Amino acid sequence: MDEPRSRHMVSTGWLAARLSAPDIVVVDASWYLPAMNRDPDAEYRAARIPGAIRFDIDTVKDSDTTLPHMLPSPVKFASMARKLGIGDGMKIVVYDGIGLFSAPRVWWTFKTMGARDVAILDGGLPKWLAEGHPIEDGPPRPRQERHFTVRFDHSRVRDMASVARALETGSHQVVDARPAARFSGEVPEPRPGVRSGHMPGALSVPADTLVADGRLRPADEIRAAVAAAGVDPARQIITSCGSGVTAATLLLALDSIGLDRKSLYDGSMAEWGSTADMPLVHGAAKPAASRP
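Cut-offs used in this document
Residues numbered from 1 in each chain as written. Predicted model: local features only at pLDDT ≥ 70, side-chain atom pairs only at ≥ 80, totals over all residues. Heavy atoms only, no water. Pairing = 2+ DSSP bridges. Helix = DSSP H or I, 4+ residues; strand = E, 2+ residues; numbered from the N terminus. Contact = heavy atoms within 4.5 Å. Axes fitted to C-alpha atoms, helices over the stretch in contact; angles between N-to-C directions. Buried < 20%, exposed > 50% of the residue type's maximum accessible area, 1.4 Å probe, protein only. Arc of directions from axis to C-beta.

**So, the sheet that holds strand β3 (residues 53–54)**
Logical step 1: Taken in spatial order, the five strands of this open sheet run β1-β5-β4-β2-β3, and their pairing is parallel. Sheet topology places β1 (9–10) and β3 at the edges, where each strand pairs with a single neighbour.
Logical step 2: Bridge count between β1 and strand β5 (residues 118–121): two bridges; the pairing is parallel. Within β5, the residue paired with V10 across the bridge is L121.
Logical step 3: The sheet strands contacting helix α4 (residues 103–112) are β4 (91–95) and β5, and the helix crosses β5 at an angle near 175°.

Laid out in structure tokens, this is it:
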């Protein structure tokens, strides 16, 4: 049997056998980059895992900032979770329409807000469909509101000031999940007003090199990619990306090889790169050991 490659994942077979369990809630966390030209809401209405709730990171967000899909306040998140019918004591299973792209961001969000039992569906909707498991379409059925208790875990999230201190003092490694060409500044950032390049001292482990066919790569391949980037497994890590989405995939991959001293920079390059006085450098990534 092809088992999930993370302790935070469940298999499609596991979910199919428990789909009608009253304490399990399935969450469609699909989100796409504009260049992907896909509509996650339309896809949800056309084909979803039966009973799945739609969780849109561009709706469940901090609406007091212009930065994209930032974490909402604990109070706002609790209200939104309650209205979605997600409550205490439930096992939350998150998936997306690519396989492993935006689901880790929603998994991280729930964990940061204190949910104790959250998992990602290994292979997501593509694997579910390929195996012939049931789907439903049309408008979702109304759900009863549930009480969600937030226990915000500050250790999981970083702001710009703490990232700047970490880079200045060397207290943490900042590891960037963006594609290599965006890290180096060879191609521009996709968001208007965001400068290209990377934070001084940041390391590059592109998230798209850690995933294949909508699933995490094997642990030995992830270890090799992390080692090649010069990441020190003994030191604490802050993950970053364009807007905090693939940084969660990187965080999940690091966890799969036993690196658990990590947190995520929520604002990522959308914030850092649009703040004029935050430094950026260009050029290809270099392993940390070769740095002066």
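**What about unusual backbone geometry?**
Logical step 1: Backbone geometry at H69 places phi at a positive 35°, although glycine is not the residue there.
Logical step 2: You can see H69 is positioned in the loop between β3 and α3 (74–84).
Logical step 3: One non-glycine residue, D213, lies in the positive phi region at around 55°.
Logical step 4: Topologically, D213 is positioned in the loop between β9 (211–212) and β10 (215–216).

**Thoughts on α3**
Logical step 1: When α3 is considered as a whole, its buried residues turn out to be F77, A78, M80 and A81. Looking down the long axis of α3, one finds its buried residues gathered within 165° of arc, a one-sided arrangement. Opposite the buried face of α3, at more than 90 degrees from it, the exposed residues are V75 and K83.
Logical step 2: On its buried face, α3 sits against α4.

**A few points about the pairing of strand β11 (residues 237–240)**
Logical step 1: Burial along β11 is two-sided: the face carrying I237 and T239 and the face carrying I238 and S240 are both buried.
Logical step 2: Sheet analysis places strand β7 (residues 173–176) next to β11, joined by four bridges and oriented parallel. Counted as the bridge partner of Q173 is I237 from β11.
Logical step 3: Alignment of β11 against strand β12 (residues 262–265), held across three bridges, turns out to be parallel. Counterpart to T239 in the pairing with β12 is L264.

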